[in-house]
Amino acid sequence: MSVTDKIAARLPRVMDRGERPPVVAAVRLHGVITPQSSPVARNTISLQNVESAINRAFDNERLIAVALLINSPGGAPTQSALIAERIRELATKKHVPVLAFCEDVAASGGYWLACAGDEIYAHGTSLVGSIGVVSAGFGLNGLLDKAGVERRVYTAGENKVRLDPFQAEKPEDVEWLKGLHADLHEQFKAWVTERRGAKLSQDADLFSGEVWTGSKAQELGLIDGIGTIRTVIAKRFPDAELTIAEPRRPLLAKLGLTGASTRSGDLVAQVLASVEERARWSRFGL
C-alpha cells in the first residue's frame, strides 16, 4: 500500500471523530485521606496522588460531566479541602457539572469531598455524614516509667510541646485542642452549608458528627437521591461514554516498594499508619 493510500485509509477515522459520543469522566477517590501515603495501607487519598486523575478527567474534549466515586471514612481536613477546591476550580473553568457518588462510606472528610459535587447520590445502604472533627492518640508516660526511661525535651516557647504522648496530659492542652476542633468544625459546617444550601434539613443532629444510611441522608438533604453511577448516568446522559480516570502511580509504588520502606523507622511508621487506617474503616464495620 502506497503512502497516499495509507493516508486515505485513515481519513474516515479522523472525520468520524466529530460523531463520537460525549464523555462522562469518573474519578475514584477511595481510601483514608492523608498527606502521607504508605505501601502498607490499602488506599490513601491526597491532592498529590489524585490530582493527575482529576486533571485528566476534566481535560477530555468531549466532556459533558465529571463523576466522583467516593469511598472514604475521612482523614486530614486540609487534604479534603484542597482536593474539593481543585475539583470546583476545574468545574468552573470547564463549565461542566460534577456528580458525586457515595459508595460504602462517605463520612467526615469523605463527605467533604462529596460536597464538591453539584449533586450527591448514594446507595440506600451507604454510610454518609459524620460532619465533625476527631483526633486520637496514646498516653505512654506510664510505659516509660515502668521501663525506667526518662523523657527529655527542650523547647523555646512554653506551648511548643502540647499533648506529648510521653508526658502526662495537661487540662490546658486539652482545652487548646478542643478550640482547634471547634474552629475546624465551623469551617466544615460552612462548607457543607455553602454547597448544600436550602437542601439541608433543620435537624438538630445534622452537624453532630452522626452518620446515617443513604436513605436517611436523603431525608436530611445531605444527598440528592438514591442511585449508582451506572443508573444515574444512564438516565441523565444516555448517549454518554463512561470513562474512569485512575491516579498514575510509579511501578515501585504499585508493588509497595520504595526506598523509604526499607528503613526500620519508616517501616514502623507505615505499620502504625496502617493500623490507624484499619481503625478508621472499622468504625463503619468495614
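This text follows the structure it describes.
Computed from a prediction, not measured in an experiment: that's the story for all the values here.

Participant: Quick rundown of the overall build of the protein chain? Include the residues and the values.
Facilitator: For the protein chain, the helix and strand inventory stands at 10 helices and 10 strands. The buried share of the protein chain, reckoned over its 286 residues, is 37%. Counting contacts in the protein chain only where the partners sit at least 6 residues apart, residues at least 24 apart contribute 73% of the total. Carbon and sulfur atoms provide 54% of the accessible area of the protein chain, an area that totals close to 16700 Å².

Participant: Tell me what's going on with the pattern of salt bridges, and back it up with residues and numbers.
Facilitator: Applying the stated rule across the entire model yields 11 salt bridges. With a shortest N-O distance of 3.5 Å, Arg-195 and Asp-118 are connected by a salt bridge. Of the two residues, Arg-195 is situated in helix α6 (residues 171-196) and Asp-118 in the loop between α4 (109-114) and β6 (119-122); the sequence distance between them amounts to 77 residues. Look at Arg-195 and you get partly exposed, because its relative accessible area is 21%. Ionic contacts of the salt-bridge type, sharing partners, join the residues Glu-51, Arg-86 and Glu-89 into one network.

Participant: An account of helix α8 (residues 229-236) is requested, with residue identities and associated values reported.
Facilitator: Listed in full, the buried residues belonging to α8 are Ile-229, Val-232 and Ile-233. Here the buried residues of α8 occupy an arc of 95 degrees about the axis, which is enough to place them on one side. Opposite the buried face of α8, at more than 90 degrees from it, the exposed residues are Arg-230 and Lys-235. Turning to α8, the residues buried within the fold contact β1 (23-30), β4 (63-72), β5 (98-107), β6 and β10 (241-245).

Participant: Please set out the packing of helix α2 (residues 47-58) against helix α3 (residues 77-94) residue by residue, giving values where relevant.
Facilitator: Across the interface, α2 lies against α3 with an axial gap of 11 Å and an inter-helix angle of 15 degrees. In terms of their interaxial angle, α2 and α3 are classed as roughly parallel. Here α2 and α3 pass one another in a crossing that is right-handed. Contacts from Leu-47, Val-50, Glu-51, Ile-54, Asn-55 and Phe-58 in α2 reach Gln-79, Leu-82, Ile-83, Arg-86, Ile-87, Leu-90, Ala-91 and Lys-94 in α3. Taken together, the residues of the contact of α2 with α3 sort by class into 9 nonpolar, 2 polar and 3 charged.

Participant: Lay out the pairing of β5 with the relevant residues and their values.
Facilitator: Taken across its 10 residues, β5 has 8 buried, putting it largely inside the fold. Strand direction decides the pairing type here: β4 and β5, joined by 6 bridges, are parallel. Across the sheet, the residue bridging to Ile-70 is Cys-102, located in β5. In this view, the connection linking β4 to its parallel neighbour β5 by way of α3 has right-handed handedness.

Participant: Give a description of the nonpolar core that names residues and reports values.
Facilitator: Judged by nonpolar contacts, the single largest core of 48 residues is most densely connected at Leu-29, Phe-58, Leu-68, Ile-87, Tyr-111 and Leu-222. Apart from the residues lying within four places of it in its own chain, the contact partners of Phe-58 are Leu-63, Val-66, Ile-87, Leu-90, Ala-91, Lys-94, Val-96 and Val-98. Counting 12 residues, the second-largest nonpolar core is a separate cluster that includes Ala-26, Ala-65, Leu-99 and Ile-229.

Participant: Can you break down the environment of Leu-177 residue by residue, with the values?
Facilitator: Within the element layout of this structure, Leu-177 appears in helix α6. Each C-alpha atom, one on Leu-177 and one on Ser-135, is 9.0 Å from the other, the two residues being 42 residues apart in sequence.

Conventions and cut-offs
Residues numbered from 1 in each chain as written. Predicted model: local features only at pLDDT ≥ 70, side-chain atom pairs only at ≥ 80, totals over all residues. Heavy atoms only, no water. Helix = DSSP H or I, 4+ residues; strand = E, 2+ residues; numbered from the N terminus. Buried < 20%, exposed > 50% of the residue type's maximum accessible area, 1.4 Å probe, protein only. Contact = heavy atoms within 4.5 Å. Areas by Shrake-Rupley, 256 points an atom, 1.4 Å probe, with all protein chains shown as cover. Salt bridge = Lys/Arg side-chain N within 4 Å of Asp/Glu carboxyl O. Arc of directions from axis to C-beta. Axes fitted to C-alpha atoms, helices over the stretch in contact; angles between N-to-C directions. Parallel < 35°, antiparallel > 145°, perpendicular 65-115°, else oblique. Left-handed = near helix turned anticlockwise from the far one by under 90°. Nonpolar A, V, L, I, M, F, W, Y, C, P; charged D, E, K, R; others polar. Pairing = 2+ DSSP bridges. Right-handed = clockwise from strand over helix to strand, strands pointing away. Core = buried A, V, L, I, M, F, W, Y, C linked by side-chain atoms within 4.5 Å.

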